[in-house]
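Structural characterization, general
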Amino acid sequence: MKRLIAAGILFVVIIGFCITGSIVVGNTYKEFDKKTEECGKIYATDPNIAAERFKEMKKDWEKKENYLSLFVNHETADDISVALSRTASYAESKCDAAFYAELAAAKTTLHQMIEDQKISAHSIF
């Protein structure tokens, strides 16, 4: 009976951790997806402001990356960080084609992060 209770407690802790992870990753995705959309629109009017916003996003991402690494693949988190840095650089240099390409890459990587957290046969196996 003691083993059953211990197993039940462990099960509840693991389920709680999984739910917490889904919430944290979901909220982070929504936040950064919204910010990238806004910065993409700002770039059309003032690339310098967009570059500053991307630098701020990069700092925000670095703060969140520490605890996100508990829930997401480290490589994905690093890819998002690199994409945000590159996007800021392209915004500063006013290189439109490269900026929009890297913006799309950042959004795709963010989307991949959330897709990897969805419960499916692909994410389990």
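Everything quoted here is computed from the prediction, not taken from an experiment. (Residues numbered from 1 in each chain as written. Predicted model: local features only at pLDDT ≥ 70, side-chain atom pairs only at ≥ 80, totals over all residues. Heavy atoms only, no water.)

1. Let's talk about the overall build of the chain
A tally of helices and strands in the chain yields five helices and zero strands. Secondary structure elements in the chain, listed N-terminal to C-terminal, are α-α-α-α-α. Its C-alpha atoms give the chain a radius of gyration of 18 Å, more than 25% over the compact-globule value 14 Å for 125 residues. Considered along the principal axes of its C-alpha atoms, the chain spans approximately 65 × 25 × 20 Å. Looking at the 125 residues of the chain, the share that counts as buried comes to 33%. Put simply, of all contacts in the chain between residues at least 6 apart along the chain, 71% involve residues at least 24 apart. For the chain, the exposed surface amounts to about 8000 Å²; the carbon and sulfur share of it is 61%. Here the chain contributes 16 positive and 18 negative side-chain charges, whose respective centroids are spaced 7 Å apart. (Helix = DSSP H or I, 4+ residues; strand = E, 2+ residues; numbered from the N terminus. Rg over C-alpha atoms; globule rule 2.2 N^0.38 Å. Buried < 20%, exposed > 50% of the residue type's maximum accessible area, 1.4 Å probe, protein only. Contact = heavy atoms within 4.5 Å. Areas by Shrake-Rupley, 256 points an atom, 1.4 Å probe, with all protein chains shown as cover. Lys, Arg positive; Asp, Glu negative; His and termini not counted. Charge placed at Lys NZ, Arg CZ, Asp CG, Glu CD.)

2. Describing the nonpolar core
Val-25, Phe-54, Trp-61, Leu-110 and Met-113 are the most contacted members of the largest nonpolar core, which has 25 residues in total. Breaking this core down by element, the ones donating at least two residues are helix H1 (2–45), helix H2 (47–68), helix H3 (74–93) and helix H4 (96–117). If we ignore the near neighbours within four places in the chain, the residues touching Met-113 are Val-25, Tyr-29, Trp-61, Val-72, Thr-76 and Ile-80. (Core = buried A, V, L, I, M, F, W, Y, C linked by side-chain atoms within 4.5 Å.)

3. Some details on the packing of H1 against H4
Between H1 and H4, the shortest axis-to-axis distance is 10 Å and the interhelical angle comes to 165 degrees. Of the possible angle classes, the one that applies to H1 and H4 is roughly antiparallel. Both H1 and H4 take part in a crossing whose hand is left-handed. Side by side, H1 and H4 meet where Ser-22, Val-25, Gly-26, Tyr-29, Phe-32, Asp-33, Thr-36, Glu-37, Cys-39, Gly-40, Tyr-43 and Ala-44 of the first sit next to Asp-96, Phe-99, Tyr-100, Leu-103, Lys-107, Leu-110, His-111, Met-113, Ile-114 and Gln-117 of the second. Of the residues that constitute the contact of H1 with H4, the class distribution is twelve nonpolar, six polar and four charged. (Axes fitted to C-alpha atoms, helices over the stretch in contact; angles between N-to-C directions. Parallel < 35°, antiparallel > 145°, perpendicular 65-115°, else oblique. Left-handed = near helix turned anticlockwise from the far one by under 90°. Nonpolar A, V, L, I, M, F, W, Y, C, P; charged D, E, K, R; others polar.)

4. Here's the deal with the side chain of Thr-109
Mapped onto the elements of the fold, Thr-109 is located in helix H4. Those residues within four positions of Thr-109 in sequence are excluded, and the remaining contacts are Thr-76, Asp-79 and Ile-80.

5. Observations concerning the state of the cysteines
Within the structure shown, the criterion is met by zero disulfides. Here Cys-95 is not cross-linked by a disulfide; its sulfur's nearest cysteine counterpart is in Cys-39, at 17 Å. For Cys-95, a relative accessible area of 35% corresponds to the partly exposed category. (Disulfide = S-S within 2.5 Å.)

6. Quick word on a nonpolar patch on the surface
Side chains of Met-1, Leu-4, Ile-5, Ile-9 and Val-13 sit close together on the surface and give an oily, nonpolar patch of about 580 Å² of accessible area. Structurally, the position occupied by Met-1 is in the segment before H1. Taking relative accessible area as the criterion, Met-1 reaches 74% and is therefore assigned exposed. (Patch = residues over 30% accessible without salt bridge, like charges linked within 9 Å, V, L, I, M, F, W, Y side chains within 5 Å. Salt bridge = Lys/Arg side-chain N within 4 Å of Asp/Glu carboxyl O.)

7. Quick notes on the pattern of salt bridges
The tally for this structure, following the rule as stated, stands at seven salt bridges. Between Asp-60 and Lys-35 there is a salt bridge, with its nearest N and O atoms 2.9 Å apart. A residue pair is termed long-range when its members are at least 10 positions apart, and Asp-60 in helix H2 and Lys-35 in helix H1 qualify at 25 residues. Given a relative accessible area of 24%, Asp-60 falls into the partly exposed group.

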